[in-house]
Structure formats: structure tokens, C-alpha cells
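Each chain, letter by letter, is given below.
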Amino acid sequence: MKINNYMWTYLLILVLIAFVYFIFIQKIKQNKIQEFLPEFEKQLIEFYKICNSFSEIEFFTKKNIVDFQIHLNKFSISANFLNKNNKYISDSRIHQWIFDILQFISHFDEKVTSINENYLKNKLSTFWNLFQSIEKYPLDILQQKAILNPEKYLLVIAWAGSGKTSTIIGKVKFLIDAKKVNPEDILLISFTSASAKEMNERIQQKLWLTLDVKTFHKLGLDILRGNWGIKQTILDENRMSDF
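Quick notes on the rules
- Residues numbered from 1 in each chain as written.
- Predicted model: local features only at pLDDT ≥ 70, side-chain atom pairs only at ≥ 80, totals over all residues.
- Heavy atoms only, no water.
- Helix = DSSP H or I, 4+ residues; strand = E, 2+ residues; numbered from the N terminus.
- Buried < 20%, exposed > 50% of the residue type's maximum accessible area, 1.4 Å probe, protein only.
- Contact = heavy atoms within 4.5 Å.
- Areas by Shrake-Rupley, 256 points an atom, 1.4 Å probe, with all protein chains shown as cover.
- Phe/Tyr/Trp six-rings, centres within 6.5 Å; stacked < 30°, edge-to-face > 60°.
- Polar contact = N/O pair within 3.5 Å; in protein donor to acceptor, adjacent residues only side chain to side chain.
- Salt bridge = Lys/Arg side-chain N within 4 Å of Asp/Glu carboxyl O.
- Axes fitted to C-alpha atoms, helices over the stretch in contact; angles between N-to-C directions.
- Parallel < 35°, antiparallel > 145°, perpendicular 65-115°, else oblique.
- Nonpolar A, V, L, I, M, F, W, Y, C, P; charged D, E, K, R; others polar.
- Left-handed = near helix turned anticlockwise from the far one by under 90°.
- Expected span 1.5 Å × (residues − 1).

S.K.: Requested: an account of the overall build of the protein, with residues and values cited.
M.R.: Each helix and strand in the protein was counted, giving 9 helices and 2 strands. The secondary structure elements of the protein, listed N-terminal to C-terminal, are α-α-α-α-α-α-β-α-β-α-α. Counting across all 243 residues of the protein, residues that qualify as buried make up 29%. Counted over contacts in the protein with a minimum sequence separation of 6, partners at least 24 positions apart contribute 63%. Looking at the protein as shown, the accessible area adds up to about 17400 Å², and 59% of this sits on carbon and sulfur atoms.

S.K.: So what's going on with the packing of aromatic side chains? Residues and values would help.
M.R.: Per the stated rule, a full pass over the model turns up 14 aromatic pairs. Ring centres of Phe 54 and Phe 68 lie 5.7 Å apart, and the angle between their planes is 85°; this geometry places the pair in the edge-to-face category. Of this pair, Phe 54 sits in helix H1 (residues 2-56) while Phe 68 sits in helix H2 (residues 62-84), placing them 14 residues apart in sequence. For the pair formed by Phe 54 and Phe 68, the shared burial category is buried. Where Phe 104 meets Phe 108, the ring centres are 6.5 Å apart and the plane angle is 45°; that geometry is what we call tilted. Residue classification places Phe 104 among the buried residues on the basis of a relative accessible area of 8%. Clustering of aromatic rings is evident, with ring pairs tying together Phe 47, Tyr 48, Phe 54, Phe 60, Phe 68, Phe 75, Phe 104 and Phe 108.

S.K.: I'd like a rundown of the side chain of Glu 135, residues and numbers included.
M.R.: Structurally, Glu 135 can be placed in the loop between helix H4 (108-126) and helix H5 (141-148). Reaching out from Glu 135, the side chain makes a polar contact with the side chain of Arg 202 at a distance of 2.3 Å. Once you skip the residues sitting within four places of it in the chain, Glu 135 turns out to touch Ser 166, Ile 169, Arg 202 and Lys 206.

S.K.: I'd like a rundown of the pattern of salt bridges, residues and numbers included.
M.R.: Evaluated as defined, the whole model comprises 9 salt bridges. For Asp 67, the salt bridge identified is with Lys 63, shortest N-O distance 3.0 Å. Pair noted here: Asp 67 and Lys 63 are both in helix H2, with a separation of 4 residues, about one helical turn. Overall, the relative accessible area of 58% leaves Lys 63 in the exposed class. Through salt bridges with shared partners, a single ionic network connects Glu 135, Glu 198, Arg 202 and Lys 206.

S.K.: Report on the packing of H4 against H5, specifying residues and quantitative values.
M.R.: At a closest axis distance of 10 Å, the pairing of H4 and H5 adopts a crossing angle of 105°. For the element pair H4 / H5, the angle class is roughly perpendicular. Residue-level inspection shows Tyr 119, Leu 120, Lys 123 and Leu 124 of H4 in contact with H5, the latter providing Gln 144, Lys 145 and Leu 148. Class assignment for the residues of the contact of H4 with H5 results in 4 nonpolar, 1 polar and 2 charged.

S.K.: With reference to specific residues and values, describe the packing of H2 against helix H3 (residues 92-106).
M.R.: With their axes 9 Å apart at the nearest point, H2 and H3 run at an angle of 135° to one another. The pairing of H2 with H3 is recorded here as oblique in orientation. In the crossing of H2 with H3, the sense of the turn from one axis to the other is left-handed. For the pair H2 and H3, the contacting residues are Leu 72, Phe 75, Ser 76, Ala 79, Asn 80, Leu 82 and Asn 83 in the first and Ile 98, Ile 101, Leu 102, Phe 104 and Ile 105 in the second.

S.K.: Can you break down helix H7 (residues 193-207) residue by residue, with the values?
M.R.: In this model, H7 (15 residues) spans 21 Å end to end at C-alpha, consistent with the 21 Å of a helix rising 1.5 Å per residue. Contacts from the buried residues of H7 go to helix H6 (164-177), strand E1 (187-190) and strand E2 (212-215). One or two steps after H7, the chain reaches Trp 208, where phi turns positive at roughly 55°.

See the structure below:
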């Protein structure tokens, strides 16, 4: 009988210890949440600034997306931390802020895609006439999108005879006519002398322009000659040390 009493007493003590430990842990979590909330409110100011700037961007380049994602990752960590411990938050405004952040992040890719598609759709309509008379046949939609894409660096992969040169000619015309770029500021580079010559001839024929069209080797040679002021044909070992 005494053993049973001891067991019940022992169990009761264990339960009390577990209960006190639970309360202690909950209090620690609650304090951590309260300590974090001022930092979260600072992040909110930045978050809503990001949202405002988001609506001002016409087209999201890869750099834009990376810059936004850096900020959104920080917001995501904070919002998910608070959302996981939302039972310790009594302020309904904070619950709404958490919801806004998580919703914005979850739909970010979808919104970016929609904005970019609308941008290209509007530009295709605006510059439709420009792309109809560049070559014998109008440029197709993919060629036009490659020209209108405002990415600073754009890789276009296409097979032989698919219209790469036509696309480049279209890009040149778009830059000069629509973007008012000075033809002297445009440099076209090709791998072979034959393709560079063809590109130059077609630009002269279609656009009545004389542009700087070079191969990679010719560009490098011109840079070397321009820096040294001499006609350099072969880079000897002594010159190599200058680089």
C-alpha cells in the first residue's frame, strides 16, 4: 500500500515537473515572439516599399527577380516563424500582415510571369508595323519577342536558317527607331568573317546603315592595336606579361 502511495506521489511530481517545464517553455517562446515583433514591424515597412516598387516595374528582368527574391527570402523566414507560433500573437493586425506576406510570396512567380507576358503583348501590338517590312517575310512572334525583350543579356538559341540574322537586323532597327540609339554605339559580333560580311551587307541593304560588324578575333585585334598604337599581328611572350 505504501509502495502504491509512493508511486502515485512520484507520478504526481513528474506531472508537475512536466507541467512547469511546459509553462516555462511556452513563456520562453512567447518572450522570443515579443522580442522579435519590433524587428518584424521594421521589415514590414520594407515589405510594403517592395510591394509598391513591384507595381512600378513594367518588365521583370532576371536581375529584378533575383533582387526581389533576396528580400522575399528574408520576409518569408520571418513570416513563417511567426505563423508557426501564431498562438502567441494576440494582435489581429500582425496575423493579417503575416497573411499578406505569405500570399505575396506564394504568388510572386505567377505575378512576374503575368507582368512580363502583358509587357510583351503590348509591345508586340505597338511595334507590329516595324517588324513587317524588315525582311521579305514578316518576323514571327518568337523573333519579335527576342527583339522586344529588355533583358540586358539575352541568349537566343536557334538552328541554322531559322532567322537569327533577321532577328539581329530587327533588333538594330528597333534600337535605332524605337530606342533612339546612336548607330555608332552599336557593335555586332560574329564568329566568322563570312557571317560578319553577310550581316553587314544585309543591314546596308535593308536599313541603309553602315554599322560596326566584326568577328571576335577582329574585335580583339582592334583592341590590341588601339592600346599599343601599332600594327600587332602575333602576341609574343614579352607582350603576354602585360596582361
